[in-house]
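One-letter residues, chain by chain:
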Protein chains: 2
Amino acid sequence: MGGKRGPFSCGLDAAVAVVGGKWKPLILWELHEGARRFGELRRSLSGISEKMLIQQLRELEADGIVHREVHREVPPRVEYSLTETGASLNKALLPLGDWGEEHMDHIRAVRGV
Amino acid sequence: MGGKRGPFSCGLDAAVAVVGGKWKPLILWELHEGARRFGELRRSLSGISEKMLIQQLRELEADGIVHREVHREVPPRVEYSLTETGASLNKALLPLGDWGEEHMDHIRAVRGV
DNA sequence: TGCAGTACTCACCAAAAGGTAAGTAATGGC
DNA sequence: GCCATTACTTACCTTTTGGTGAGTACTGCA
């Protein structure tokens, strides 16, 4: 879903193309309080594989949502943070997060999970 | 993505489980002005297959997002509309749609589509 | 009799997303 | 010399998602 998908039929379609998938919303959420290192993100997003994390971060970077900063040290330190565009996207996701919070029990019940 | 996936790590995760995928956001959008027939939806969502449309509608129905009403006529008439929960979800999606609208050109440019 | 229109349903296939496990590069400290 | 740490990278596989095309049930109407 993070893959290319072009001409969008509406704004929602475009936004979903950028933030869709299993991990991207969670990654954005993790970054909403400031920069995070690769390893920090991996530990926070329990269950994500390194491959997935990198892949999603690269796509978000390509879409101008996150900024990647490499500190040339050993061991290496790479920090990811939201760009301004990313921060605005995160803000636009807040109501959806609230909705989910509010209806989580209902959804869980309906799906039997 | 519409498939079962639980326990959610946060509200956003739960919301994405309900509204994720290629078509669901667009279906919700189509319903935001009122009830629509199956055929109307198929024509509006250009490119969707009948199988996908039904599948997504069934999942949304199971999640309590849309209501399905069958009118016993010939030829048959089935109308889909948002439940109250669905309407609130749609509302929560508005900022995301606005964000997409605003950044669509940027995204298209970055992806070369 | 048979065709039109509507809303599905099914079997099968292709593509995309996601997961696993192993390997790499760089260097400071023991 | 060798191990630890960090941030990847690669190859391979499974699961999920999405697409195609044909078929079904119902009944009014020509």
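Note: the structure precedes this text.
So, how was this worked out
- Residues numbered from 1 in each chain as written.
- Chains lettered and ligands numbered in written order.
- Predicted model: local features only at pLDDT ≥ 70, side-chain atom pairs only at ≥ 80, totals over all residues.
- Heavy atoms only, no water.
- Pairing = 2+ DSSP bridges.
- Helix = DSSP H or I, 4+ residues; strand = E, 2+ residues; numbered from the N terminus.
- Contact = heavy atoms within 4.5 Å.
- Axes fitted to C-alpha atoms, helices over the stretch in contact; angles between N-to-C directions.
- Parallel < 35°, antiparallel > 145°, perpendicular 65-115°, else oblique.
- Nonpolar A, V, L, I, M, F, W, Y, C, P; charged D, E, K, R; others polar.

## Looking at the sheet that holds strand β3 (residues 77-82) of chain B
Each strand in a sheet pairs with another by means of backbone hydrogen bonds, the pair being arranged parallel or else antiparallel.
Residues and elements named next belong to chain B.
Here's step 1: With antiparallel pairing, three strands are arranged side by side in an open sheet as β1-β3-β2. Strands with a single pairing partner mark the edges of an open sheet, and in this sheet they are β1 (36-37) and β2 (66-71).
Here's step 2: The pairing of β2 with β3 spans six bridges and is classified as antiparallel. What sits directly across from V66, in β3, is L82.
Here's step 3: Where helix α2 (residues 24-31) meets the sheet, it contacts β1, β2 and β3, and its direction lies at approximately 95° from that of β3.
Here's step 4: Across the sheet, helix α4 (residues 50-62) touches β2 and β3, and the angle it forms with β2 is around 115°.

## Looking at the packing of helix α2 (residues 24-31) of chain A against helix α4 (residues 50-62) of chain A
If you want to describe how two helices pack, look at the angle between their axes and the distance between the axes.
Residue and element names in this part refer to chain A.
Here's step 1: Remark: α2 packs on α4, axes separated minimally by 10 Å, with the N-to-C direction vectors making an angle of 75°. Accordingly, the angle class assigned to the pair α2 and α4 is roughly perpendicular. On α4, the residues that touch K24, I27 and L28 of α2 are L53, Q56, L57, E59 and L60.
Here's step 2: Taken together, the residues of the contact of α2 with α4 break down into five nonpolar, one polar and two charged.

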